[in-house]
Amino acid sequence: MNEIVYETIAEVASPSVVEVLVAALRGYGFHPLVRDDANGLPGISSLSLRGTPIEVPEAEAADARVLAEALLRDMTK
(Lines give C-alpha, C1' and ligand atoms only; values in the text may rest on other atoms or scores of the structure.)
Protein backbone atom coordinates (compact mmCIF):
# COMPACT_ATOMS: atom_id res chain seq x y z
CA MET A 1 0.00 0.00 0.00
CA ASN A 2 1.30 3.46 -0.90
CA GLU A 3 1.11 5.82 2.03
CA ILE A 4 0.98 9.53 1.21
CA VAL A 5 3.68 11.48 3.02
CA TYR A 6 2.83 15.11 3.75
CA GLU A 7 5.27 17.99 4.07
CA THR A 8 4.68 21.28 5.86
CA ILE A 9 5.02 24.18 3.43
CA ALA A 10 3.97 27.02 5.76
CA GLU A 11 2.74 27.76 9.26
CA VAL A 12 0.01 30.37 9.54
CA ALA A 13 -1.15 32.10 12.72
CA SER A 14 -4.55 33.37 11.55
CA PRO A 15 -7.35 30.80 11.07
CA SER A 16 -8.96 32.95 8.37
CA VAL A 17 -5.69 33.10 6.42
CA VAL A 18 -5.41 29.31 6.75
CA GLU A 19 -8.85 28.94 5.14
CA VAL A 20 -7.99 31.28 2.27
CA LEU A 21 -4.61 29.65 1.67
CA VAL A 22 -6.06 26.12 1.67
CA ALA A 23 -8.82 27.20 -0.74
CA ALA A 24 -6.29 28.86 -3.05
CA LEU A 25 -4.01 25.81 -3.03
CA ARG A 26 -6.97 23.60 -3.91
CA GLY A 27 -7.95 26.02 -6.66
CA TYR A 28 -4.52 25.59 -8.21
CA GLY A 29 -4.82 21.79 -8.09
CA PHE A 30 -2.85 21.04 -4.93
CA HIS A 31 -4.14 18.71 -2.22
CA PRO A 32 -3.59 20.32 1.21
CA LEU A 33 -4.24 18.17 4.25
CA VAL A 34 -7.13 19.47 6.31
CA ARG A 35 -6.80 18.81 10.02
CA ASP A 36 -9.57 19.20 12.53
CA ASP A 37 -10.24 18.08 16.08
CA ALA A 38 -11.08 14.60 14.77
CA ASN A 39 -7.41 14.16 13.83
CA GLY A 40 -6.11 14.77 17.33
CA LEU A 41 -7.21 14.95 20.91
CA PRO A 42 -10.65 16.54 21.45
CA GLY A 43 -10.37 20.29 21.83
CA ILE A 44 -6.68 20.39 20.94
CA SER A 45 -5.98 21.70 17.47
CA SER A 46 -2.89 21.06 15.37
CA LEU A 47 -1.45 24.48 16.20
CA SER A 48 2.26 24.82 16.77
CA LEU A 49 3.99 27.79 18.36
CA ARG A 50 4.14 29.40 14.91
CA GLY A 51 0.57 28.66 13.86
CA THR A 52 -1.35 26.07 11.91
CA PRO A 53 0.79 23.93 9.62
CA ILE A 54 -0.22 23.84 5.96
CA GLU A 55 0.71 20.41 4.63
CA VAL A 56 0.61 18.99 1.11
CA PRO A 57 1.74 15.67 -0.35
CA GLU A 58 5.52 15.49 -0.55
CA ALA A 59 5.41 15.32 -4.37
CA GLU A 60 3.59 18.71 -4.49
CA ALA A 61 5.58 20.47 -1.78
CA ALA A 62 8.13 22.38 -3.87
CA ASP A 63 5.58 23.98 -6.19
CA ALA A 64 2.95 24.48 -3.47
CA ARG A 65 5.52 26.20 -1.23
CA VAL A 66 6.34 28.75 -3.95
CA LEU A 67 2.65 29.52 -4.43
CA ALA A 68 1.93 29.68 -0.68
CA GLU A 69 4.84 32.06 -0.07
CA ALA A 70 3.67 34.34 -2.89
CA LEU A 71 0.08 34.33 -1.65
CA LEU A 72 1.13 35.02 1.95
CA ARG A 73 3.35 37.88 0.76
CA ASP A 74 0.42 39.39 -1.16
CA MET A 75 -1.94 38.99 1.81
CA THR A 76 0.38 40.86 4.15
CA LYS A 77 0.84 43.91 1.91
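Residues numbered from 1 in each chain as written. Predicted model: local features only at pLDDT ≥ 70, side-chain atom pairs only at ≥ 80, totals over all residues. Heavy atoms only, no water.

**Some remarks on the pattern of salt bridges**
Within this structure, the stated rule accounts for 2 salt bridges. Its salt-bridge partner being E7, residue R65 comes within 2.8 Å of it at the nearest N-O pair. One end of the pair, R65, is in helix α2 (residues 61-75); the other, E7, is in strand β1 (residues 6-12), and 58 residues separate them in sequence. Given a relative accessible area of 25%, R65 falls into the partly exposed group. Overall, E7 belongs to the partly exposed group, its relative accessible area being 27%. As a salt-bridge pair, D74 and K77 come within 3.9 Å of each other at their nearest N and O atoms. Owing to a relative accessible area of 81%, K77 belongs among the exposed residues under this scheme. (Salt bridge = Lys/Arg side-chain N within 4 Å of Asp/Glu carboxyl O. Helix = DSSP H or I, 4+ residues; strand = E, 2+ residues; numbered from the N terminus. Buried < 20%, exposed > 50% of the residue type's maximum accessible area, 1.4 Å probe, protein only.)

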